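# Tertiary structure, described
Each chain, written out:
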Amino acid sequence: MDDAPRFALDESDNPHDECGVVGVHLPQATDSDAAQVAFYGLYALQHRGQESAGIAASDGRTLRNFTNVGLVSNAFRQEDLERLPGHIAVGHTRYSTTGSSSALNAQPILAQGPGGEIALAHNGNIVNAEEMRQRLLEWGVSTTTGTDSEVIAHLLAWAPGETWGERTAYLMKSIKGAYSLVVATKDTTIGIRDPHGVRPLCLGRFSNGGWIIASESAALDHIGAQFVREVDPGETVVIDRDGLVSVPNPLPQERIAHCVFEHIYFARPDSTLDGRLVHMSRTRMGAALAKEHPVEADVVISIPESANSAAVGYARASGIPFELGLVKNRYVGRTFIEPDQRFRDLGVRNKFNPLPEVLAGKRVVVVDDSIVRGTTTPRIVQLLKRAGAAEIHVRVCAPPIKNPCHFGVDMATKDEFIASGRTVDEIREIIGADSLGYLSTEALHDAVGGDSTGSRFCDACFTGNYPIPIQLQMDKLSLERTLTQGE
Ligand code: SF4
């Protein structure tokens, strides 16, 4: 358990979002407000992390950094951004996947090495952070926070090499796991994607010749940048006053393993991943669910908002009308109040409100994106029944989750998954639904444009087939504990 207060009132039974990163490089002669642009980019990536936010910026001479806890809109005031002048900025919005959620662990992280100072923002998780921390100690470099991201920052700052391309090649040969990185030096912006391409990273262009690197293409749309392409797995892009240079993957090509959960839940429906609009992938998942798990029903509803697209797909493919059966309170935010059981029950009500006029006497198909622990689904089923639904048929546009993620997503431990050691019918009974159907792994791959063998995508949380060998059972505080124990 995290030692920080839990975000209980908004704690849905979803995997927790990971992090969002953005890097902005504007033409120096004309612009000095890259931090402002990065702010709007982070604002569009808020769904990827709500615990802290930060921006580091450079005017070509000095790197300045500002981080704070909370939502992007609360973390920065106008004067904070004004204290970050310059044409280069990198930003980060964080959900803690290693290290606790304390302000100390907010990013970007500054690291000083022989090649100068860097500011680094990371989305993902590396699996050999402890080994790399030991390497840093041998070099006489110590770390102060509990994050793998700090280890990466110091390793890159101290990496041997004459150019940033050589240094990132050294970094890639050293660290293992999932990492989409944006890095600022005082005169250069760098984007790096791990050789498996687990976490997304894309590249965009401003009409004034500037560049942006971001976790999702939706961030580009919001700030008027044109999507150029996704950063390739293993690729480094280095942007300086002379333009952009692409440094190809320095390692032998490994299995491509884009996180399939980005398509199911994390990414915004208006982002393009792997050449496909996420909304379209989700409608295909819903249509496949309708084919694999048909049912006689009167209405299809979604658990808003992440399952909206899939519910539309289910409704279209089944011919059952889509209706708004649950309304989500848009303004529910994260809270530090720890509720007792009575208030926990109220918590779901706090987030969703059913529409009895739509539900009463109806046989209802409820489309959800995933079930992790199975703590929220029974409460939603009860809520719908109390609103008068005659039958509840839950359809999930993911296969049963049985394995933890080691690549930047905080889900649960193996024992906590409701699907661990249970049949689908046992799960159905626990959640109190009349029927339950999960999307098959094959149909999932088909919906996101992979083939049925699962190549190109990581699906380890469903199959246990990790694309990167996992040497140790990790939890998100393990590195931090090692630090506090002084090992
Ligand atoms: S284990 Fe699951 S959540 Fe983690 S990277 Fe793989 S598909 Fe994504």
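Read on for an overview of the structure. As a convention, each chain's residues are numbered from 1 in the sequence order in which they are written. Residues qualify for local features only when their pLDDT is at least 70, as the model is predicted, and side-chain atom pairs are given and counted only at 80 or more; totals for whole chains, interfaces and linings, by contrast, use all residues.

In this section: the sheet that holds strand β21 (residues 391–396). Spatial strand order, β17-β20-β21-β22: four strands in an open sheet with parallel pairing. Each having just a single partner strand, β17 (299–302) and β22 (435–438) make up the two edges of the open sheet. Between one strand axis and the next, the sheet turns through 20 degrees on average, direction left out of account. The sheet contact formed by strand β20 (residues 363–368) and β21 spans six bridges and is parallel. When the bridges of β21 are listed, Asp368 appears paired with Val396. Placing a C-beta atom from the backbone of each residue, one calls two residues in contact when those atoms lie within 7 Å. All axes are obtained by fitting lines to C-alpha atoms, using only the stretch in contact for helices, and the reported angles, taken between N-to-C directions, cover 0 to 180 degrees. Strands are runs of DSSP state E lasting at least two residues, helices are runs of H or I lasting at least four, and both sets are numbered from the N terminus onward. Contacting β17, β20 and β21, helix α10 (residues 308–318) runs over the sheet at an angle of about 165 degrees to β17. In this scheme, strands are said to pair when DSSP sees at least two bridges between them.

Sheet strands line up and pair through hydrogen bonds in the backbone, either parallel or antiparallel. Overall, antiparallel pairing links the seven strands, which are arranged β3-β2-β4-β1-β10-β9-β11 in an open sheet. Both edges of this open sheet fall to β3 (63–69) and β11 (226–230), since each of them pairs with a single strand only. In this sheet, neighbouring strand axes are inclined to one another by 15 degrees on average, regardless of whether the strands run parallel or antiparallel. Bridge count between strand β2 (residues 52–58) and β3: seven bridges; the pairing is antiparallel. Residue pairing across strands places Ala57 opposite Arg64, the latter belonging to β3.

The residue Tyr43 is located in helix α1 (residues 34–44) in this model. Through-space distance from the C-alpha of Tyr43 to that of Thr93 is 8.7 Å; in sequence the pair is 50 residues apart. Those residues in contact with Tyr43 that sit more than four places away from it in its chain are Val72 and Ser73.

Attention now moves to the site of the ligand. Whether a residue is near a molecule or strand depends on its C-beta atom, placed from the backbone, lying within 6 Å of it. In the vicinity of the ligand, the contacting residues are Val198, Cys259, Val260, Phe261, Cys405, Phe407, Val409, Cys458, Asp459, Ala460 and Cys461. When residues of the shell around the ligand are traced back to their parent elements, those giving at least two are α8 (260–266) and α16 (460–463). Asp, Glu, Lys and Arg are counted as charged, while Ala, Val, Leu, Ile, Met, Phe, Trp, Tyr, Cys and Pro are counted as nonpolar; the rest, among them Gly, fall into the polar class. Per-class residue counts for the shell around the ligand are 10 nonpolar, no polar and one charged.

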